[in-house]
Amino acid sequence: MEFKLVFHKKVLSTSIEAKKIKGEENLWTVIASESQEAGHGKKKRGWFSPAGGLYFSIVINPRSLEDSQLLTLAAGLATVKVLRKKFEVRACLKWPNDVLIKGKKVSGALVENVVGDKVKSTVIGIGINTNIAEFPASLVETATSLERELKKKIDNQGLLKEILEELAKTLESERSAILKEYRLYEETIGREIKILTKGKEVFGQAVDFDQRGDLIVKLKNNKTVKILEGDISYNFK
Ligand code: BTN
């Protein structure tokens, strides 16, 4: 895979910029920015994006909607693998692609499909809390950064390149191989969870994934349901 890297000092969101670009065969255009004024996460929530963090969005050739879940998992998998290898840190995945260190979120990814007249692409946006020393009070309980955990500064560009290489390699693998490897790093299966999905709270035990990567949850009444997307919490009252 060839990469074309575009760096900005400040943008609203690297994914907003990336969505203007057409996906191409054998070329990933990567939009990175030192900070974002309107970085967003899942469900249009804001993504804390001060200077120091790593924010980038990859424009890839459009993939079928069937693949969206797999891309989502692959983005988290590539990130967690690089963080573990490069920094020897015990990072884990919370389904679908939150990367946690000691239970606090250090990275998240958002996959969006662009289907328009001119632009057709899939955009994978990844945010990593690298050199962030302080979080606002609203995030301090749930978020952390590599700087806080490792007590050192991170080379954002070096990390970006390694994640791109790892993700490209991951996406060359078969679906079953990606899911198999994902299982080595995830900590959701087997847990009692609460999921906020489609505006509803669902309680149960995460029992498995299906071959798409959707989460299978056993409810209190023993019925099983498949969850395509949602926010999971482990420690709830
Ligand atoms: C999430 O966990 O909710 C996903 C967070 C995704 C954040 C990244 S930062 C780079 C890219 N630009 C955005 O506006 N969002 C993604």
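Provided above is the structure to which this section pertains.
What you see is a predicted model, and the numbers here were worked out from it, not measured in a lab.

Draft legend 1. Region of interest: the sheet that holds strand 12 (residues 231-233). As summarised here, the arrangement of the five strands in space is 11-10-9-8-12, forming an open sheet in which the pairing is antiparallel. The sheet is open, and its two borders are formed by strand 11 (224-227) and strand 12, each paired with just one other strand. When the angles between neighbouring strand axes are averaged without regard to direction, this sheet yields 45 degrees. Sheet analysis places strand 8 (residues 192-197) next to strand 12, joined by three bridges and oriented antiparallel. Looking at strand 12, one finds that Ile195 is bridged to Ile232.

Draft legend 2. Representation of the site of the ligand in the model. Taken together, 19 residues lie near the ligand, and Ser13, Gln36, His40, Lys42 and Lys105 sit nearest. Within the side chain of Thr14, a nitrogen or oxygen atom sits 3.1 Å from a nitrogen atom of the ligand. Gln36 places a side-chain nitrogen or oxygen 2.9 Å from a nitrogen atom of the ligand. Here the ligand loses 98% of its free accessible area of 420 Å² to cover by the protein chains. Here the residues of the shell around the ligand are counted per class, giving five nonpolar, 11 polar and three charged.

Draft legend 3. Fine view of the pattern of salt bridges. According to the stated counting rule, one finds 25 salt bridges in the structure shown. Several salt bridges share partner residues, and in doing so they unite Lys81, Lys85, Glu166, Lys169 and Glu181 into one network.

Draft legend 4. Examining the packing of aromatic side chains more closely. Tallied over the entire structure, the rule returns three aromatic pairs. On the basis of an interplanar angle of 55 degrees and a centroid distance of 5.8 Å, the ring pair of Phe3 and Trp28 is categorised as tilted. With a gap of 25 residues between them, Phe3 in strand 1 (residues 2-11) and Trp28 in strand 2 (residues 27-36) connect regions that are remote in the sequence. Each ring, one from Phe48 and one from Phe135, has its centre 5.7 Å from the other, and the planes form 45 degrees; the classification is tilted. In this pair, Phe48 is assigned in the loop between strand 2 and strand 3 (54-60) and Phe135 in the loop between strand 7 (120-128) and helix 3 (146-150), connecting sequence segments 87 residues apart. Given the relative accessible area of 29%, Phe48 is considered partly exposed. Phe135 gets classed as buried once you look at its relative accessible area, which sits at 8%. Positioned above the aromatic ring of Tyr234 is the side chain of Lys94, whose terminal nitrogen or guanidinium carbon lies 5.7 Å from the ring centre. We note Arg191 situated over the ring of Tyr234; from NZ or CZ to the ring centre the distance is 3.9 Å.

Rules used in this analysis
Residues numbered from 1 in each chain as written. Predicted model: local features only at pLDDT ≥ 70, side-chain atom pairs only at ≥ 80, totals over all residues. Heavy atoms only, no water. Pairing = 2+ DSSP bridges. Helix = DSSP H or I, 4+ residues; strand = E, 2+ residues; numbered from the N terminus. Axes fitted to C-alpha atoms, helices over the stretch in contact; angles between N-to-C directions. Near = heavy atom within 4 Å. Polar contact = N/O pair within 3.5 Å; in protein donor to acceptor, adjacent residues only side chain to side chain. Areas by Shrake-Rupley, 256 points an atom, 1.4 Å probe, with all protein chains shown as cover. Nonpolar A, V, L, I, M, F, W, Y, C, P; charged D, E, K, R; others polar. Salt bridge = Lys/Arg side-chain N within 4 Å of Asp/Glu carboxyl O. Phe/Tyr/Trp six-rings, centres within 6.5 Å; stacked < 30°, edge-to-face > 60°. Buried < 20%, exposed > 50% of the residue type's maximum accessible area, 1.4 Å probe, protein only. Lys NZ or Arg CZ within 6 Å of the ring centre and 35° of its normal.

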